[in-house]
Amino acid sequence: MEIRQHKKEDLGAIAEIEKLSINPPWSYSAVCSFSECETSRILVAECDGIVAGYITYSVVLDEVQIANVAVHPEYRRKGIAEKLLTTLSESAKLDNMFIITLEVRQSNEPAINLYTKCGYTEVGKRKNYYKNPAEDAILMNLTL
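Owing to the predicted nature of the structure, the values given are computational and were not obtained by experimental measurement. (Residues numbered from 1 in each chain as written. Predicted model: local features only at pLDDT ≥ 70, side-chain atom pairs only at ≥ 80, totals over all residues. Heavy atoms only, no water.)

Undergrad: Pulling in residues and values, what's your account of the packing of aromatic side chains?
TA: Taken as a whole, this structure holds three aromatic pairs when the rule is applied. Arranged with centres 5.0 Å apart and planes meeting at 90°, the rings of Tyr129 and Tyr130 form a pair that is edge-to-face. (Phe/Tyr/Trp six-rings, centres within 6.5 Å; stacked < 30°, edge-to-face > 60°.)

Undergrad: Give a description of the sheet that holds strand 3 (residues 50–60) that names residues and reports values.
TA: Backbone hydrogen bonds are what pair the strands of a sheet, in a parallel or an antiparallel way. Overall, mixed pairing links the seven strands, which are arranged 1-2-3-4-5-7-6 in an open sheet. At either end of the open sheet lies a strand with only one pairing partner, and these are strand 1 (2–5) and strand 6 (121–130). Sheet twist, expressed as the mean angle between neighbouring strand axes with direction ignored, is 25°. Looking at chain direction, strand 5 (residues 99–105) and strand 7 (residues 135–143) are connected through seven bridges and run antiparallel. Directly across from Leu102, in strand 7, lies its bridge partner Met140. Running at roughly 115° to strand 2 (residues 40–47), helix 2 (residues 28–36) makes contact with strand 2, strand 3 and strand 4 (63–71) of the sheet. Sheet strands in contact with helix 4 (residues 109–117) are strand 4, strand 5 and strand 7, and its direction is about 160° off that of strand 5. (Pairing = 2+ DSSP bridges. Helix = DSSP H or I, 4+ residues; strand = E, 2+ residues; numbered from the N terminus. Axes fitted to C-alpha atoms, helices over the stretch in contact; angles between N-to-C directions. Contact = heavy atoms within 4.5 Å.)

Undergrad: So what about the layout of surface pockets? Which residues, and what values?
TA: Space inside the largest pocket adds up to approximately 1,200 Å³. Elements represented by at least two residues in the lining of the largest pocket include exactly strand 4, helix 3 (80–94), strand 5, helix 4 and strand 6. Within the lining of the largest pocket, the residues separate by chemical class into 19 nonpolar, eight polar and eight charged. (1 Å grid on protein atoms, 1.4 Å probe; cavity = no way out; pocket = protein on both sides within 12 Å on 5 of 7 lines; lining within 4 Å. Points joined across faces, edges and corners; volume = space filled by probe spheres on them. Nonpolar A, V, L, I, M, F, W, Y, C, P; charged D, E, K, R; others polar.)

Undergrad: Any details on the pairing of strand 3? Residues and values, ideally.
TA: Burial analysis of strand 3 places nine of its eleven residues in the buried class, the great majority of the element. Pairing between strand 2 and strand 3: eight bridges, direction antiparallel. Residue pairing in the sheet places Glu46 in a bridge with Val51 of strand 3. Here strand 2 folds back onto strand 3, and the loop between the two strands holds two residues, one of which, Asp48, carries a positive phi near 50°. Here eight bridges tie strand 3 to strand 4, and the two strands are oriented antiparallel to one another. Residue pairing for strand 4: Val60 is matched across the bridge by Glu63. (Buried < 20%, exposed > 50% of the residue type's maximum accessible area, 1.4 Å probe, protein only.)

As C-alpha cells, this is what we get:
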C-alpha cells in the first residue's frame, strides 16, 4: 500500500468510494471542486494500482480539518484508514501544524473507535449536524 497525494486521474475513484461510503456523498463535481481549492488536500491509499481509500482535509494556518475518510468496501478492515490518519498526522507534525479536527456521526462507532485508537479525543458535539438521518456530530481533536 502506498499513501500519496492525489492526482487528477484519481478523482473518479474518489467519487465512487464516496458514493459507497458517505451519506450523503459528495458528487464528482464536488470532489473536483474540493481538489481545486488552495487550502484543500487529498491523500489516497493505493493498493496494486487501485485507489482503495482516501482522506480529504483542509489546512488553515496551523490547523488541519478532516472532511472525509473513506475506504472502498472491498478493502476495509485492512488498516487503510488508520494508515491514512497516521500519515496525515505525521505530515502535519512536520509542517508544524498544531491540531487536527474532525466531526463524526454519533452512531458511527467503528470510526469513533478508530479515531480514538489514533489518539483523537472527544471535545464536544454539534446538535443535528448531519441529515438523512438527522444526527448529532461528535467533535474530535488530535493535538500535535
